[in-house]
Amino acid sequence: MKTSRPKNSTHHGRQQQGEPRDSSPALRPGLSVPRLNEAASALIRVLTFDYPADAVLSRYFRERPQLGQQDRAFIAEAVFGVLRRKFWLDHLAPQANVRQLLLLWLARIAGHSSRELGTLCSSEELQWLNSTRAQGPLSLTAEADLPPWVIEQLLPEHGEDFVRALGRALQEPAPLDLRVNTLNASREEVLAKLRSNDIIAEPTPLSPLGLRLRDKPALNRNPLFAAGKFEVQDEGSQLLGYLLAPRRGELVVDFCAGAGGKTLMLGAMMNSQGRLYALDVSEKRLANLKPRLKRSGLSNVHPLVIAHENDAKVKRLAGKIDRVLVDAPCSGLGTLRRNPDLKFRQSPQSVAELTVKQAAILASAA
């Protein structure tokens, strides 16, 4: 499952121009008092869970243009690091404030030494950090770092070992995957050019169009990106295109297109022949497709804003369409590696509401 939107967002990998001077050169790169303070300020905003964490961080960075590339990278990594392990951190220190959560993450997860952290915090805070070591046995919630209500749903059918393994897997940051646009390039060509630019990449294990980057470099100014030779797209999302397997000349619908990542892939698989409708209820999301569409070189894509799944524009297509892809809005709990805040922003009630919405969309698409 994916997020109920946003899609590939700006948190971990999107680096910005401008390099600040670190006010604490004696510290290991990434650690400084100003950065810790900024991370705490950003985390306070995120922990209200009123909006997606990546959107909150994006706004936070826009409001602070003085922050440089390394500042933003540290803040994003620290904020998302705390979110990934918050149930565990809360178990270690139930009454911890935001600053203490960050220090605890730096010490226990990021692996910074007491000497390094002693430069960031007071002797009292360092003493408090050391006191958090002695704790009782971990609960499954703390160990898996999943909400109790999710665990309750999984346990009867799958058991504790599965929940524990799933939780640990979802605690790992997601990789950065690219999809090569076969209208403009081959995977071998893009791979070679990335490597010549000192960007370490490997072919994805399942998708024949995918490349997985070891790091998260800035890509929005990369000439290959500007030329439409690749798009950022998770391998799992790429595999959906192969399941649909559209053919040249067919009439195809991407029913919940969003910003059009899968639409672009389907269009390339069709070799820009036939007709491909990109439907979505959000005009703003479909507007994000326009620059991507221009880069891609596709000419068979037709974006359509619809009011709802029973819009007259949908009804006019009845009986004419060869294949329909439905990537329906969902809980996003399968994407916790990329969006760990969804653990705290979803609930049994929201999942139940999404199930009703999904059924309506599937019925209309069928």
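About the thresholds
- Residues numbered from 1 in each chain as written.
- Predicted model: local features only at pLDDT ≥ 70, side-chain atom pairs only at ≥ 80, totals over all residues.
- Heavy atoms only, no water.
- Phe/Tyr/Trp six-rings, centres within 6.5 Å; stacked < 30°, edge-to-face > 60°.
- Helix = DSSP H or I, 4+ residues; strand = E, 2+ residues; numbered from the N terminus.
- Buried < 20%, exposed > 50% of the residue type's maximum accessible area, 1.4 Å probe, protein only.
- Lys NZ or Arg CZ within 6 Å of the ring centre and 35° of its normal.
- Pairing = 2+ DSSP bridges.
- Core = buried A, V, L, I, M, F, W, Y, C linked by side-chain atoms within 4.5 Å.
- Axes fitted to C-alpha atoms, helices over the stretch in contact; angles between N-to-C directions.
- Contact = heavy atoms within 4.5 Å.
- 1 Å grid on protein atoms, 1.4 Å probe; cavity = no way out; pocket = protein on both sides within 12 Å on 5 of 7 lines; lining within 4 Å.
- Points joined across faces, edges and corners; volume = space filled by probe spheres on them.
- Nonpolar A, V, L, I, M, F, W, Y, C, P; charged D, E, K, R; others polar.
- Polar contact = N/O pair within 3.5 Å; in protein donor to acceptor, adjacent residues only side chain to side chain.

1. Some points on the packing of aromatic side chains
Consideration 1: Per the counting criterion, the structure on display carries four aromatic pairs.
Consideration 2: Residues F49 and F344 carry aromatic rings whose centres are separated by 4.9 Å and whose planes lie at 20° to one another, so their mutual orientation is stacked. With F49 in the loop between α1 (33-46) and α2 (53-62) and F344 in helix α17 (residues 342-345), the pair connects residues that are 295 residues apart, well separated along the chain.
Consideration 3: The partly exposed category is assigned to F344, whose relative accessible area is 23%.
Consideration 4: Feature note: the residues F49, F87 and F344 constitute an aromatic cluster, connected by ring pairs.
Consideration 5: Directly above the aromatic system of W88 lies the positively charged group of R85, at a separation of 4.9 Å from the ring centroid.

2. Some details on unusual backbone geometry
Consideration 1: Within the chain, D198 stands out as a residue other than glycine whose phi angle is a positive 65°.
Consideration 2: Examined against the element boundaries, D198 turns out to sit in the loop between α10 (187-196) and β2 (201-203).
Consideration 3: A positive phi angle, near 60°, is found at S272, a position not held by glycine.
Consideration 4: Tracing the backbone through its elements, the reader meets S272 in the loop between α13 (261-269) and β6 (275-280).
Consideration 5: Residue classification places S272 among the buried positions, given a relative accessible area of 15%.

3. Quick word on the pairing of strand β3 (residues 210-213)
Consecutive side chains along a regular strand alternate between the two faces of the sheet.
Consideration 1: For strand β1 (residues 176-180) and β3, the ladder comprises four bridges, and the chain directions are antiparallel. Residue pairing for β3: L178 is matched across the bridge by L211.
Consideration 2: Sheet analysis places β2 next to β3, joined by three bridges and oriented antiparallel. Looking at the pairing, A201 lines up with L213 of β3.
Consideration 3: Where β2 folds back on β3, the antiparallel hairpin that results is connected by six residues.

4. Overview of the nonpolar core
Consideration 1: Ranked by internal contacts, the top residues of the largest apolar core, which has 39 residues, are L57, I75, V79, L102 and L106.
Consideration 2: At the level of elements, α1, α2, α3 (69-84), α4 (86-92) and α5 (98-108) are the ones that each hand at least two residues to this core.
Consideration 3: In terms of nonpolar packing, the next biggest core, distinct from the first, is built from 16 residues, V180, I199, L211 and L219 among them.

5. Describing the sheet that holds β2
Consideration 1: Taken in spatial order, the four strands make up an open sheet running β2-β3-β1-β4, and their pairing is antiparallel. Pairing within the sheet leaves two strands with one partner each, and these edge strands are β2 and β4 (230-232). Put simply, the sheet's adjacent strands are angled 30° from each other on average, direction ignored.

6. So, the sheet that holds strand β7 (residues 301-305)
Consideration 1: The strand order β7-β6-β5-β8 describes an open sheet built from four strands, whose pairing is parallel. What marks the edges here is a single partner per strand, and that holds for β7 and β8 (323-325). Geometrically, the sheet is characterised by an average inter-axis angle of 20° between neighbouring strands, direction not taken into account.
Consideration 2: Both β6 and β7 contribute to a ladder of five bridges, which runs parallel. Counterpart to D280 in the pairing with β7 is V305.

7. Structural notes on the environment of L264
Consideration 1: Along the chain, L264 turns up in helix α13.
Consideration 2: Excluding residues within four positions of it along the chain, L264 makes contact with R179, E231, L289, R292, L293, S296 and L298.

8. Some points on empty space enclosed by the protein
Consideration 1: A full pass over the atoms with the stated rule returns two cavities of 30 Å³ or more.
Consideration 2: Its volume calculated, the largest cavity comes out at about 50 Å³.
Consideration 3: Lining the largest cavity, in full, are R179, N181, G228, F230, E231, L264, A268, R295, S296 and L298.
Consideration 4: Among the secondary structure elements, those contributing two or more residues to the lining of the largest cavity are β4, α13 and α15 (289-296).
Consideration 5: When its residues are assigned to classes, the lining of the largest cavity shows four nonpolar, three polar and three charged.
Consideration 6: Considered as a void within the structure, the second largest cavity measures approximately 40 Å³ in volume.
Consideration 7: Looking at the second largest cavity, the residues that line it are R84, A144, D145, L146, G167, L170, Q171, L336, P340 and K343.
Consideration 8: Partitioned by chemical class, the residues of the lining of the second largest cavity number five nonpolar, two polar and three charged.

9. Examining α5
Consideration 1: In terms of residue burial, α5 counts as a mostly covered element, since nine of its 11 residues are buried.
Consideration 2: In the core, the buried residues of α5 are packed alongside α1, α3, α4, α6 (114-118) and α7 (123-131).
Consideration 3: The opening residue of α5 is N97, an N-cap whose side-chain oxygen sits 3.2 Å from the backbone nitrogen of R99.

10. Describing the side chain of S272
Consideration 1: A polar contact of 2.8 Å, which involves the side chain of S272, links it to the backbone nitrogen of S299.
Consideration 2: Leaving out residues up to four positions away in the same chain, S272 has contacts with L183, G267, G297, L298, S299 and N300.

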